Each structure stands twice: as structure tokens, then as C-alpha cells.
Amino acid sequence: MELSLVQSITAPVSSSLFGYQVSISGSVMLISAPSQNIDGKSNTGAVHAYEYGGSSWSHSQAFGNEQLNAQFGLAMDMDGDKMLATTTTSGTYDCEAWN
């Protein structure tokens, strides 16, 4: 198999560890940014969803945990329209299920 670069996806927010985890299912790709700051809160974390439109990937939404230092998306995976992502609260790791 021979692969060639089709598109580079730039981090929507700098210094966010964008790309720490990546998962793809069909025409949907998830990219985590566990150090992303949200509403002035440090390291809350986010996962960015991209959809493939036949020739390019487009950002469709971002979601996450808005707690300080939650690091949402430090680990994540998807299957079809379901996603699991870790988040930290009070020094423990929890897993959140999304669909």
C-alpha cells in the first residue's frame, strides 16, 4: 500500500496537546486535546470531531469536561457513533461514555 498526504489538520487551539489521541470510524475522526483551556480554566481538555466530506476533513464540533485540570481526552477511543474518554477529577481517573 502506498500512502500520500491528503490534508494537514492544524490545532484549533495552541498548547493543547492536540493530537494526543486520535480515533477514526467511517467518515468521523476524533482528535483529543487534553491540555486545552476552556473558559479560562487550565487543562480542562477537549475532543474535536471532524467529518470527511469526500475530499477533505472539516471540524464539526468540540466537546469536553469543563472542570479545572480534568484533562478530558487523555485517553479515548470510538466505535461507530460511541466514544469513551478519560477525565481526571480529584486525582482519580474516570471514564465518560458519549454517543
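That block above? That's the structure.
This one's a predicted model, so the numbers in the text were calculated from it and none came from an experiment.

Asker: Kindly report on the sheet that holds strand S2 (residues 28-33), identifying the contributing residues and their values.
Answerer: The strand order across the open sheet formed by four strands is S1-S2-S3-S4, and the pairing between neighbours is antiparallel. The open sheet has two edge strands with one neighbour each: strand S1 (22-25) and strand S4 (57-63). Neighbour-to-neighbour, the strand axes of this sheet turn through a mean angle of 20 degrees, independent of strand direction. With six bridges connecting them, S2 and strand S3 (residues 46-52) associate as antiparallel partners. Bridging from a neighbouring strand, Val 28 pairs with Glu 51 of S3.

Asker: For the sheet that holds strand S7 (residues 92-98), give the residues involved together with the corresponding values.
Answerer: Within a beta sheet, neighbouring strands are joined by backbone hydrogen bonds and run either parallel or antiparallel to one another. Reading across from one edge, S5-S6-S7 is the order of the three strands in this open sheet, with antiparallel pairing throughout. In the strand order of this sheet, the two ends are held by strand S5 (76-79) and S7, each with one partner. Mean inter-strand twist for the sheet, computed between neighbouring axes without regard to direction, equals 20 degrees. Note that S5 and strand S6 (residues 82-89) share four bridges and pair antiparallel. If you follow Asp 79 over to S6, its bridge partner there is Lys 82.

Asker: Got a sec to walk through the packing of aromatic side chains? Specific residues and values, please.
Answerer: Ring pairs (aromatic) are described by centroid distance and by the angle formed between their planes. For the coordinates displayed, the defined rule picks out three aromatic pairs. Three or more aromatic residues joined by ring pairs form one cluster here, namely Phe 63, Phe 72 and Trp 98.

Asker: Any details on the side chain of Asn 65? Residues and values, ideally.
Answerer: With respect to the helices, strands and loops of the structure, Asn 65 is situated in the loop between S4 and S5. For Asn 65, a relative accessible area of 9% translates into the label buried.

Quick notes on the rules
Residues numbered from 1 in each chain as written. Predicted model: local features only at pLDDT ≥ 70, side-chain atom pairs only at ≥ 80, totals over all residues. Heavy atoms only, no water. Pairing = 2+ DSSP bridges. Helix = DSSP H or I, 4+ residues; strand = E, 2+ residues; numbered from the N terminus. Axes fitted to C-alpha atoms, helices over the stretch in contact; angles between N-to-C directions. Phe/Tyr/Trp six-rings, centres within 6.5 Å; stacked < 30°, edge-to-face > 60°. Buried < 20%, exposed > 50% of the residue type's maximum accessible area, 1.4 Å probe, protein only.

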